[in-house]
Each structure stands twice: as C-alpha cells, then as structure tokens.
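The lines below spell out each chain.
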Amino acid sequence: YHNRNDLTSHIENDEKVTLGFAQVGNESAWRSANTESIIKAAEQENVDLQLINANNNQEKQIAIIRDFIKQGVDVIAFSPMVENGWDEVLQEAKDAGIPVILCDREIKVQDDSLWTSFIGSDFVEEGRRAAQWVVDHKESNTETVNIIELEGTKSSAPATDRKQGFKEVSEHHPNLHIIDSLSGDFTLGKGKEMMEKALQQFGSEIDIVYSHNDDMAIGAIEAIEEYGLQPGFDIKIISIDATNKAFKALSAGKLNFTVECNPLLGPQIMQAAKELKNGTEIPMKIITSEETFTQEEAKKEIKKRNY
Ligand code: GYE
C-alpha cells in the first residue's frame, strides 16, 4: 500500500494539465488533420484541452487567448495566423505566469521570452525543396520558364518562408521567372479564383504553378481544367503539405510534386504542455522531420496515410 506522501505526490503528478489552444481556423485539409491530432493526443495524454477556432481572424484569436488567461489555464498554445501583433497579449500571458507554445507557425515579437517553445516545420526548407524540383525538371538553362506563385495567408510565417525558400533556389537560375504571385489564403476557393485570374492574364504562357499548399493547388487544377488545359501536363503544378488531396491528384497525374509538411503535432504539444506544468525545461524549437513525393512515390504512400 502507498504511504501517505507517495499517494499525495502521485495525485499531484497526475493532476490534469489544462491546455488552452487557440486554433487559427479550418482553412485547409492540413489544418483539419492538425486539429484532429491535437484533440486525439489530449485524450490519449489525459490533458484537459479547450480548443477554440479563430476562423482565420487575428482579433478573434487574441480574444480567445485573453479568455484562456482569465480562466488561468496551465499552458496556452496557438497557431499564429500572422507573424505580427502578438506582443501585448503574450505579455499579459507572461504576467499571468502562463507559458505559451507556438504550434506550426512562428511570430515576430520584440521580446522572445514571450513564448516558450515552437513546434513545427522549417518552411524555408520546404520552399527550397519545391524549387529544387523545378530546377531538376526544366528542359534547358536558357528557355524561359514562366511560374505563377499561389501564396498562403498574407504575412503568415508559412507564406513568407515558403516564398523566401523558393526564391533562394530559383534566383540562381535566370530562366525561371515568377511572372505573378497571388494570395489564395491557403483555401481551395481562393486558390481557384487566383488561378482563374492568372489564366485570364497569361493563359498558356504559364508553364508551372508553385502553390504554398495543396488546397490552393487543387483549386488551381480545377481552374486549369475549366480553362481547357491539362493540369500536370500543359501546366505543371507543385505544392506543399502532402495531404490526401495531393496524393490523389499526384496519382491522377494532375499534380507533379508535393513537399510534406507534418500536421500531426498533437503528441509533441501534449508532451511539452505536461513538461511545462511540471516545471521541466523544454527546447525552444522542436522541428518535425518531413519528406517529398513524386507521382510514382505517391502511388505507394497513399495507402499508408490517414489524412
Ligand atoms: O501549410 C496550410 C495551412 O501553418 C503549416 O497552414 C500551416 C499551413 C499549411 O492552412 O495548409
């Protein structure tokens, strides 16, 4: 039988961690997989999770975080919609002694002690990998390659970094021209709308579409088909996330390449929340490992995926 203090310490350790998660929205298939991973991991790890959706609105996301501070949760986590505008509310969290975990997107603040840990991917590397495929598949070093870029949510870390990464590689190849960059806000609908606009302006001049996520790439595929061209052939398309939508389009020959971005961050977030509650130091950055997929590789991989 446990003596008194073992029992007490046991109860203290098992006291449920309360985690407030301010989710950015439900803008893409990646985001749905991310939300599901967080909810599932909280159940498995016995974490008392409150996940509230900000519907891609920063003011709402700040209000949700303020409410968690008022409730006095143990830990706050969120996927910052954009990079700027977090200093004030995170200062309030710090003053309340509540540690903050950044999930999948980073921020720019005056004082980096306002957040404790970032769990996510290296978006700049994802952009480089996308551009490397274009470099490896271009027919010549002189023939002009016209590229349309579909950007994610303006001022978000993934959009900024994926743009930068692509440029870091493409700028060494003078025949690669980004003829226009349009913001599709990471959604299928806006991605389709922007691609329609690009087709109106450039038509079959377009050789490649570089999309910052799969949902906008699927929108672009629909727009290209409705315009009367063959996506994957007349216009090649590369995207990022590697969700099921991308694997289906790769297998159908309508998408040419996708760079993985791992949404299954739930287990790492719960682990970090528990360690913070127990006063354990945790790393400032936890970067997840990722791959890339061609049409051939997609046919095999699709069976292993559940998102
Ligand atoms: O690529 C996109 C989602 O922040 C990494 O946001 C995430 C991005 C992801 O809408 O599909």
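All of these numbers come straight from a predicted model, not from anything done at the bench.

**Some words on empty space enclosed by the protein**
For the coordinates displayed, the defined rule picks out one cavity of 30 Å³ or more. Considering the residues around the largest cavity, the lining is formed by 13 residues, among which Trp-30, Arg-31, Arg-105, Arg-162 and Asp-241 are closest to the centre. Looking at the lining of the largest cavity, the elements that each hand over two or more residues are helix 2 (29–44) and helix 6 (157–170). A class-by-class count of the residues in the lining of the largest cavity yields five nonpolar, two polar and six charged.

**Digging into the confidence of the model for the protein chain**
When pLDDT is averaged along the protein chain, the result is 94, and 95% of the positions lie at 70 or above. Contacts from residues 1–11, a stretch scored under 50 in pLDDT, to residues over four places away or in other chains number two contacts. In the predicted complex, the global pTM is 0.93; the interface-specific ipTM is 0.99.

**Section: the sheet that holds strand 10 (residues 257–260)**
The six strands lie next to each other as 7-6-8-9-10-12, forming an open sheet whose pairing is mixed. This sheet does not close on itself; its edge strands, each paired only once, are strand 7 (176–183) and strand 12 (292–294). With strand direction ignored, the average angle separating the axes of adjacent strands in the sheet is 20 degrees. Two strands pair when backbone bridges link them, and strand 8 (residues 208–211) and strand 9 (residues 236–241) are joined in this way by three bridges, in the parallel orientation. Looking across to strand 9, one finds that Tyr-210 is bridged to Ile-238. Together, strand 6 (145–151), strand 7 and strand 8 form the strand contacts of helix 7 (residues 188–202), whose direction differs from that of strand 7 by roughly 135 degrees.

**Remarks on the packing of aromatic side chains**
Centre-to-centre distance and the angle between the planes together describe a pair of aromatic rings. Summed over all chains, the structure comprises four aromatic pairs. Judged by centre distance (4.1 Å) and plane angle (15 degrees), the rings of Phe-166 and Tyr-210 are stacked. One end of the pair, Phe-166, is in helix 6; the other, Tyr-210, is in strand 8, and 44 residues separate them in sequence. Just as Phe-166 is buried, Tyr-210 falls in that class too. Centre to centre, the rings of Phe-247 and Phe-293 are 5.1 Å apart; their planes meet at 75 degrees, and the pair counts as edge-to-face. Of this pair, Phe-247 sits in helix 9 (residues 244–251) while Phe-293 sits in strand 12; the two residues are 46 residues apart in sequence, bridging distant segments of the chain. Assessed through its relative accessible area of 0%, Phe-247 is described here as buried. The exposure class assigned to Phe-293 is buried, which follows from its relative accessible area of 3%.

Rules and cut-offs
Every residue gets a number counted from 1 within its own chain, in the order that chain's sequence is written. Where totals are concerned, whole chains, interfaces and linings use all residues; where local detail is concerned, this predicted model gives features only for residues with pLDDT of at least 70, and gives and counts side-chain atom pairs only at 80 or more. Hydrogens and waters are ignored; side-chain quantities use all the structure's heavy atoms. For each structure, a 1 Å grid was placed over the protein atoms alone; sets of points admitting a 1.4 Å probe that cannot get out are labelled cavities, open sets with protein on both sides within 12 Å along at least five of seven lines are labelled pockets, and lining residues have an atom within 4 Å of a point. Grid points are joined across faces, edges and corners, and a volume is the space filled by probe spheres set on the points. Numbering of helices and strands runs from the N terminus; a helix is a DSSP stretch of H or I covering at least four residues, while a strand is a stretch of E covering at least two. Amino acid classes used here: Ala, Val, Leu, Ile, Met, Phe, Trp, Tyr, Cys and Pro are nonpolar; Asp, Glu, Lys and Arg are charged; the rest, including Gly, are polar. Per residue, pLDDT captures the predictor's confidence, and it can take any value from 0 to 100. Whether two residues are in contact is decided by their heavy atoms: any pair within 4.5 Å suffices. Any two strands between which DSSP finds at least two bridges are classified as paired. Simply put, an axis is a line fit to the C-alpha atoms, just over the touching stretch for a helix, and the angle between two N-to-C directions goes from 0 to 180 degrees. Pairs were defined over the aromatic rings of Phe, Tyr and Trp, the Trp ring being its six-membered one, requiring ring centres within 6.5 Å. Orientation was assigned from the angle between planes: stacked under 30 degrees, edge-to-face over 60, tilted for the rest. Each residue is placed in one exposure class: buried if its accessible area under a 1.4 Å probe, protein chains only, is under 20% of its type's maximum, exposed if it is over 50%, and partly exposed if it falls in between.

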